[in-house]
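Observations on the model geometry
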Amino acid sequence: MADTTTLTTHVPTLEVSDIQATVLRPRPSPYLGQYVILRIDDAAQGREMLRRMIPHVAPADEWWVPSLAGWLGIAFTFEGLKALELPQASLDSFPIEFKQGMAARAAILHDVGGNAPANWEYPFGTTDAHIALAIYAQNEQDLQRVLELARRTHHDLAQISVVYRMPFGELPEGRNPFGFKDGLHNPQIEGSAPAAHGGSDAPIKAGEFVMGYPDQLGETAQAPIPAELRQNGTFVALRKFHMDVAAFRRYLREQASSSEEEELLAAKMVGRWRSGAPLVLAPDRDDPALGADAKGNNDFSYADDRKGLKCPFSAHVRRVNPRDALKDDIVDVDSHRFIRRGTNYGPPLPEGVLEDDGAERGGVFLLIGAHQRQQFEFVQSQWVADGNFISHGTEQDPLIGNNEGDGVFTIPKVPVRRRLHGLPRFVAVRGGEYCFMPGLRALRWLAGLGEDAEQTASH
Ligand code: HEM
């Protein structure tokens, strides 16, 4: 990847009217929506569809407009850009992980065994997934309206097909299927408002998340080319997970001698209680008021928990964002941050049920950042699928690790630590794609490809 230079120190104002809403703004609550994946078999028809789609793509500054009842975000796989006949020089200038695609990176991501791409749902990992649409609304009527607008962009274009459709929606109290409050923490992006959450962590340079601005090293992306295409664009790692809620409950039941202990174990695995209250601030029992306090529940560090006695080193949130816990290491944690937009799907498993009902339920995550190799890929391969960085050998993330009944989870404790064995896979990968999410001007540039002789990929 050839992204370098242009040192700047001033805080840039983000062009929020050109950046897609999905990048900068949290999803609303309540939310419901649909992911749609399209295949393009004719470039001219693909561009015609794009021209019709652009007026419905929400920019970040309009996210909060009360009249915006539903909106869509749009992103392209490498296969999709090829199908639109992007000039070769431009295609070549994209980062390697995007060009290869997520399935080809399975060994790096530890997507092996049950999580291997051979087990993914169609069209993930195939050459048929070209354009991903994320459509959000606050109610069913608005969702149907936006879906109809999206349908009309290609209903008369025979060479455009819908190859995947997936509805999603918020579960009661904004919980995920395992029962944890989610969507709580995201990085603060310098120059963007409103703040993603009320925590006190320092803002991260915008260039880590959106191209066209300086990143943590003071560098501004120089690829992909041309500049019109990359300005205000970013990359999205889309991951669809199935959550085996019954297996999670059974495991807790087997390892604990009371329901209180089950709750504590669940919190130790995640690093937060189901209410959202972080373990470092509420180590012994849940604090629902803290969980509900958007500022308080993100205002924590690991400075007072160097031994992991409150929040285990291996807990999900401590692994995926160690905050100040790796301070003495050479790792620059801030270069491994990304924006998370998670959505849940499927019905909740009724309280107390310990047997799987066969329903598909889980989450689809959009992990957004300008440097995916340093961001999603690094976190997934080094911090989720390995334990070396916390001196835990090959121990994986207890919640989302790719365990096959042989997983281990270490809980620091005085006088002796507790080590759980036999962790199964609670979370299975159903599919994933790397996508490019352009700014709105870049979308128009893509839609106009082939029409303008001046439009060459030269810078
Ligand atoms: C089914 C899969 C997953 C589940 C059930 C899950 C669950 C959770 C929960 C409950 C939280 C705490 C609440 C919040 O901040 O939203 C959280 C935080 C987080 N998760 Fe996940 N997660 C999943 C997948 C992933 C993946 C694949 C990544 C990246 C590789 C990831 C990265 C993060 C990050 C960065 C945080 C914020 C940590 C912090 O507080 O600083 N998660 N996750």
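The sections below set out a description of the structure shown in this document. Small disclaimer: the values here were computed from a predicted structure and weren't measured.

Procedures and definitions
Residues numbered from 1 in each chain as written. Predicted model: local features only at pLDDT ≥ 70, side-chain atom pairs only at ≥ 80, totals over all residues. Heavy atoms only, no water. Helix = DSSP H or I, 4+ residues; strand = E, 2+ residues; numbered from the N terminus. Rg over C-alpha atoms; globule rule 2.2 N^0.38 Å. Buried < 20%, exposed > 50% of the residue type's maximum accessible area, 1.4 Å probe, protein only. Contact = heavy atoms within 4.5 Å. Areas by Shrake-Rupley, 256 points an atom, 1.4 Å probe, with all protein chains shown as cover. Near = heavy atom within 4 Å. Polar contact = N/O pair within 3.5 Å; in protein donor to acceptor, adjacent residues only side chain to side chain. Nonpolar A, V, L, I, M, F, W, Y, C, P; charged D, E, K, R; others polar. 1 Å grid on protein atoms, 1.4 Å probe; cavity = no way out; pocket = protein on both sides within 12 Å on 5 of 7 lines; lining within 4 Å. Points joined across faces, edges and corners; volume = space filled by probe spheres on them. Phe/Tyr/Trp six-rings, centres within 6.5 Å; stacked < 30°, edge-to-face > 60°. Salt bridge = Lys/Arg side-chain N within 4 Å of Asp/Glu carboxyl O. Donors = N, O, S within 2.8 Å, 3.2 Å for Na, K, Ca; no water. Axes fitted to C-alpha atoms, helices over the stretch in contact; angles between N-to-C directions. Parallel < 35°, antiparallel > 145°, perpendicular 65-115°, else oblique. Left-handed = near helix turned anticlockwise from the far one by under 90°.

This part takes up the overall build of the protein. If you tally the helices and strands in the protein, you get 14 helices and 10 strands. For a compact globule of 459 residues, the expected C-alpha radius of gyration is about 23 Å, and the protein comes in at 22 Å, within 12% of that figure. Buried residues in the protein amount to 58% of all 459 residues. Expressed as a percentage of contacts within the protein between residues at least 6 apart in sequence, the contacts between residues at least 24 apart total 72%. Within the structure as shown, the protein displays about 18400 Å² of accessible surface, and the carbon and sulfur contribution to it stands at 52%.

Looking now at the site of the ligand. Around the ligand, 25 residues are found, and the nearest of them are G183, L184, H316, N321 and R323. H316 is positioned such that a nitrogen or oxygen atom in its side chain is 2.9 Å from a nitrogen atom of the ligand. One nitrogen or oxygen atom from the side chain of N321 is found 2.7 Å from an oxygen atom belonging to the ligand. Sorting the residues of the shell around the ligand by element identifies β5 (234-243), α12 (316-320) and α13 (376-384) as the ones contributing at least two each. Examining the composition of the shell around the ligand, we find that three residues originate from one element, α12, more than from any other. Residue composition of the shell around the ligand, grouped by class: 15 nonpolar, five polar and five charged.

With that settled, consider empty space enclosed by the protein. Across all of its chains, the model carries four cavities of 30 Å³ or more by this definition. The calculated volume of the largest cavity comes to roughly 70 Å³. Along the walls of the largest cavity sit Y35, G73, I74, A75, A132, L133, A134, V236, L238, L366, C435 and M437, which together make up its complete lining. Among the elements of the structure, β2 (70-76), β3 (131-137), β5 and β10 (427-437) are those that each provide at least two residues to the lining of the largest cavity.

Under the criterion given, the structure shown has 20 aromatic pairs. Arranged with centres 5.8 Å apart and planes meeting at 75 degrees, the rings of F78 and F98 form a pair that is edge-to-face. Of this pair, F78 sits in helix α3 (residues 78-83) while F98 sits in helix α5 (residues 96-100), and the two are 20 residues apart along the sequence. In this pair, the class of F78 matches that of F98, namely buried. Arranged with centres 4.7 Å apart and planes meeting at 45 degrees, the rings of F178 and F248 form a pair that is tilted. In this pair, F178 sits in the loop between β4 (160-169) and α8 (227-230) while F248 sits in helix α9 (residues 245-255), placing the two residues 70 residues apart along the sequence.

Okay, the environment of G393 next. By the secondary structure assignment, G393 is in the loop between α13 and β8 (407-411). Classification of G393 as partly exposed rests on a relative accessible area of 40%.

This next bit is on the pattern of salt bridges. Following the criterion strictly, the structure yields 24 salt bridges and no others. We note a salt bridge from E261 to R418, for which the minimum N-O separation is 3.0 Å. One end of the pair, E261, is in helix α10 (residues 259-270); the other, R418, is in strand β9 (residues 418-423), and 157 residues separate them in sequence. Ionic pairing is found between K295 and D299, a salt bridge with its closest N-O pair at 3.5 Å. Accessibility expressed as a relative area gives 45% for K295, which makes it partly exposed. One connected set of salt bridges, linked through shared partners, spans E48, R51, R52 and D156.

Before going further, it helps to examine the coordination of the iron atom of the ligand. Exactly one donor from the protein chain reaches the iron atom of the ligand: H316 (NE2), at 2.2 Å. Mapped onto the elements of the fold, H316 is located in helix α12.

As a further point, take the layout of surface pockets. Over the atoms rolls a probe the size of a water molecule, and its path tells where empty space is left. If you add up the space inside the second largest pocket, you get close to 510 Å³. In terms of lining, the second largest pocket is formed by 21 residues, of which the most central are F178, G179, R249, R274 and E351. Sorting the residues of the lining of the second largest pocket by element identifies α9 and α10 as the ones contributing at least two each. Looking at the lining of the second largest pocket residue by residue, the class counts come to nine nonpolar, four polar and eight charged.

Our focus in this paragraph is the packing of α9 against α10. Across the interface, α9 lies against α10 with an axial gap of 9 Å and an inter-helix angle of 120 degrees. In terms of orientation, α9 and α10 fall into the oblique class. With respect to the hand of their crossing, α9 and α10 are arranged in right-handed fashion. Contact residues: F248, Y251, L252, R253 and Q255 in α9; E261, E262, L265, A266 and M269 in α10.

Backbone torsion omega between A223 and P224 reads 0 degrees, so that peptide bond is classified as cis. The step from V414 to P415 runs through a cis peptide bond, and the omega angle for that step is 5 degrees. Among the structural elements, P415 can be located in the loop between β8 and β9. Despite not being glycine, S391 has its phi angle at roughly 55 degrees, a positive value. Among the secondary structure elements, S391 is positioned in the loop between α13 and β8. Taking relative accessible area as the criterion, S391 reaches 68% and is therefore assigned exposed.

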